[in-house]
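Given next are the chains, with one letter for each unit.
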Amino acid sequence: MTASPARVIRRLTLTTGVWMVAVSGLAWWWMYSAGHMPSVPGMGPGTESGTAPGMTPPMAGHHGMDHGTTATPVMSLAEALMFLAMWAGMVVAMMVPVAVPLVAAHRFVTRTKGRKGAVDTGVFITGYLVVWVVSGLVPLLLVALKRWLLPIGEDSTWAVAGAGAVITVAGAFQFTGLKTRCLTVCRSPLSFVLTHDFAAGRLGTLKAGALNGLYCLGCCWALMLVQVAVGLHNVIWMGALTLLFLAERVLRAGQRVAMVTGAAMLALGVALILDPLLPTPLAAMVT
């Protein structure tokens, strides 16, 4: 007796989820280990261990306590490479689990077409991840520019306000049309796969994966900048944002989840922006 398509998709989602979560778990372990390294090459003395180059924690001591730690104005090549390595690790840790329904849908469609699903799906997910990894060049440039123009110490209270500004922008983005359009595509992985013909062979498969990666990037870019602002090594924020990405995509009320989260982030961001003038315990959320 032939299994129903729904049952096949559920089985593929389960088997796909097992190995993708395993890969993600390795990335989580690496990110956690990187956040506890005694030193990171090229970061200079006095920099908190494991902090992504240029994105020192907003504060090590709160409200004006200066321990004398200041980022060097120019980012070194070693720091830039470490930043990109941590960005790539963060992408694998956070976005691979989010892509499980997409990959399962692709395996289902390639199977129905009688193609070698494992190879084609590998090409597809490669295109998806390449977009995300390359996108790390943008926050790298922003971090380098920030350090060059405003080389403030990591203990500065204004660093908390800066993180608040990023969170406020991310909260506002949750209500935009671009967020809604991109999230709509991300919430319909099977529809995306079915409407993108891979007639060009594996090159077409790679392009289709990259296109879906662009939609995913359009949906999540602002929230990923929040991760940069609070520190690439911050596994608590990584976990919270990963769960948010999953909720937005798989829950029926995903669009509503995005808006509720946006409202909460707007409130948090404004409170952090005002923190240098009106101190609150909320600053601990980004330190």
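Residues numbered from 1 in each chain as written. Predicted model: local features only at pLDDT ≥ 70, side-chain atom pairs only at ≥ 80, totals over all residues. Heavy atoms only, no water.

## Some points on the overall build of the protein chain
On a plain count of helices and strands, the protein chain comes out with 11 helices and zero strands. When its helices and strands are written in sequence order, the protein chain yields α-α-α-α-α-α-α-α-α-α-α. Taken over 287 residues, the protein chain has a buried fraction of 47%. Look at the contacts in the protein chain between residues 6 or more apart in sequence, and 84% of them connect residues 24 or more apart. Accessible area of the protein chain: about 13400 Å², with a carbon and sulfur share of 73%. (Helix = DSSP H or I, 4+ residues; strand = E, 2+ residues; numbered from the N terminus. Buried < 20%, exposed > 50% of the residue type's maximum accessible area, 1.4 Å probe, protein only. Contact = heavy atoms within 4.5 Å. Areas by Shrake-Rupley, 256 points an atom, 1.4 Å probe, with all protein chains shown as cover.)

## Thoughts on a nonpolar patch on the surface
On the surface, Val74, Leu145, Trp148, Leu149 and Leu150 cluster together to form a nonpolar patch covering roughly 560 Å² of accessible area. Mapped onto the elements, Leu145 comes out in helix 5 (residues 137–149). Accessibility expressed as a relative area gives 41% for Leu145, which makes it partly exposed. (Patch = residues over 30% accessible without salt bridge, like charges linked within 9 Å, V, L, I, M, F, W, Y side chains within 5 Å. Salt bridge = Lys/Arg side-chain N within 4 Å of Asp/Glu carboxyl O.)

## Comments concerning helix 11 (residues 254–273)
Compared with the 28 Å implied by 1.5 Å per residue over 20 residues, the 28 Å span of helix 11 between its first and last C-alpha is a close match. Buried within helix 11 we find Gly254, Ala258, Thr261, Gly262, Met265, Leu268, Gly269, Ala271 and Leu272. (Expected span 1.5 Å × (residues − 1).)

## Side note on the nonpolar core
A general tendency of soluble globular proteins is for nonpolar side chains to be buried together. Judged by nonpolar contacts, the single largest core of 67 residues is most densely connected at Met95, Trp132, Met224 and Phe245. The residues contacting Trp132, other than those within four sequence positions of it, are Trp87, Val91, Met95, Gly213, Cys216, Leu217, Cys220 and Met224. (Core = buried A, V, L, I, M, F, W, Y, C linked by side-chain atoms within 4.5 Å.)

## Some points on the pattern of salt bridges
With the rule as written, the count across this model stands at three salt bridges. Among the ionic pairs, Arg147 bridges to Glu79, the shortest N-O distance being 3.3 Å. Of this pair, Arg147 sits in helix 5 while Glu79 sits in helix 2 (residues 77–98); the two residues are 68 residues apart in sequence, bridging distant segments of the chain. Across the pair, Glu79 and Arg147 agree in class, each one buried.

## Comments concerning a positive patch on the surface
A cluster of basic residues, Arg7, Arg10, Arg11 and Arg111, forms a positive patch at the surface. With three residues, the top contributor of residues to the positive patch is helix 1 (residues 5–34). Classification of Arg11 by relative accessible area gives partly exposed; the value is 40%. (Lys, Arg positive; Asp, Glu negative; His and termini not counted. Charge placed at Lys NZ, Arg CZ, Asp CG, Glu CD.)

## Observations concerning the packing of helix 9 (residues 202–230) against helix 10 (residues 235–250)
Helix 10 packs onto helix 9 with a crossing angle of 165° between their chain directions and a minimal axis gap of 10 Å. As judged from the angle between their axes, helix 9 and helix 10 are roughly antiparallel. The hand of the helix 9/helix 10 crossing is right-handed. Counting all contacts with helix 9, which are made through Cys216, Cys219, Cys220, Leu223, Met224, Val226, Gln227 and Val230, the residues of helix 10 involved are Trp237, Met238, Leu241, Leu244, Phe245, Glu248 and Arg249. Its residues assigned to classes, the contact of helix 9 with helix 10 comprises 12 nonpolar, one polar and two charged. (Axes fitted to C-alpha atoms, helices over the stretch in contact; angles between N-to-C directions. Parallel < 35°, antiparallel > 145°, perpendicular 65-115°, else oblique. Left-handed = near helix turned anticlockwise from the far one by under 90°. Nonpolar A, V, L, I, M, F, W, Y, C, P; charged D, E, K, R; others polar.)

## Remarks on the packing of aromatic side chains
Under the counting rule described, the total for this entry stands at two aromatic pairs. On the numbers, 5.0 Å between centres and 65° between planes, the contact of Phe173 with Trp221 is edge-to-face. Of the two residues, Phe173 sits in helix 6 (residues 157–173) while Trp221 sits in helix 9, which places them 48 residues apart along the sequence. Look at Trp221 and you get partly exposed, because its relative accessible area is 31%. (Phe/Tyr/Trp six-rings, centres within 6.5 Å; stacked < 30°, edge-to-face > 60°.)

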